[in-house]
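Given next are the chains, with one letter for each unit.
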Amino acid sequence: MKKLKLIAAICMVLCSVVYLQCNLSKPADPRGNLYAGSATCIKCHSDIYHSYLHTAHYMASMPATDSDVHGSFTNDNSFAFTPSQKVVMEKKDSGLYQSYYINGKLKESHRFDMVLGGIKGESYLY
């Protein structure tokens, strides 16, 4: 009976360790364990790293901020689908939005999270 209790205790400890490792460790990078990231490269390749920051490829996507979204957020920046339906780019305290109005009433509004492009055109994701 003592042997059975000892085995059960060992199993419980092992299960607890596995559970804690799965729930307390930081999530794995989706690009895999071999992905080094730019912070690693800058140590030896500073000149290449800094020149890359100005390329269209590097600037192809970024978080949507006032400085990265090139569209206008003035009151007259809207697109009318019909006389009663329009889409408006709006700047609010909580961020930059694209809002849909029908007969002057707000029906849907989405905050810009990401900006794509910016050289010849620009798209926004939420």
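Look up a bit, the structure's there.
Residues numbered from 1 in each chain as written. Predicted model: local features only at pLDDT ≥ 70, side-chain atom pairs only at ≥ 80, totals over all residues. Heavy atoms only, no water.

Trainee: I'd like a rundown of unusual backbone geometry, residues and numbers included.
Mentor: Here the phi dihedral of Asn103 falls at roughly 50°; this positive angle occurs in a residue that is not glycine. Secondary-structure assignment places Asn103 in the loop between strand 4 (95–102) and strand 5 (105–111). With relative accessibility at 59%, the residue Asn103 sits in the exposed group. (Helix = DSSP H or I, 4+ residues; strand = E, 2+ residues; numbered from the N terminus. Buried < 20%, exposed > 50% of the residue type's maximum accessible area, 1.4 Å probe, protein only.)

Trainee: For a nonpolar patch on the surface, give the residues involved together with the corresponding values.
Mentor: Nonpolar side chains collect at one region of the surface, where Tyr52, Tyr58, Met59 and Ile119 lie side by side and expose about 390 Å² of accessible area between them. Structurally, Ile119 is set in the loop between strand 6 (114–117) and strand 7 (122–125). (Patch = residues over 30% accessible without salt bridge, like charges linked within 9 Å, V, L, I, M, F, W, Y side chains within 5 Å. Areas by Shrake-Rupley, 256 points an atom, 1.4 Å probe, with all protein chains shown as cover. Salt bridge = Lys/Arg side-chain N within 4 Å of Asp/Glu carboxyl O.)

Trainee: Can you explain the pattern of salt bridges? Please cite residues and give values.
Mentor: Scanning all chains against the criterion turns up three salt bridges. One salt bridge connects Lys91 with Asp66, and the closest N-O pair in it is separated by 3.1 Å. A residue pair is termed long-range when its members are at least 10 positions apart, and Lys91 in strand 3 (residues 85–92) and Asp66 in the loop between strand 1 (61–63) and strand 2 (78–82) qualify at 25 residues. Judged by relative accessible area, which is 49%, Asp66 ranks as partly exposed. The partner of Arg111 in a salt bridge is Asp113, and the shortest N-O contact between them spans 3.4 Å.

These figures capture arrangement, not role.
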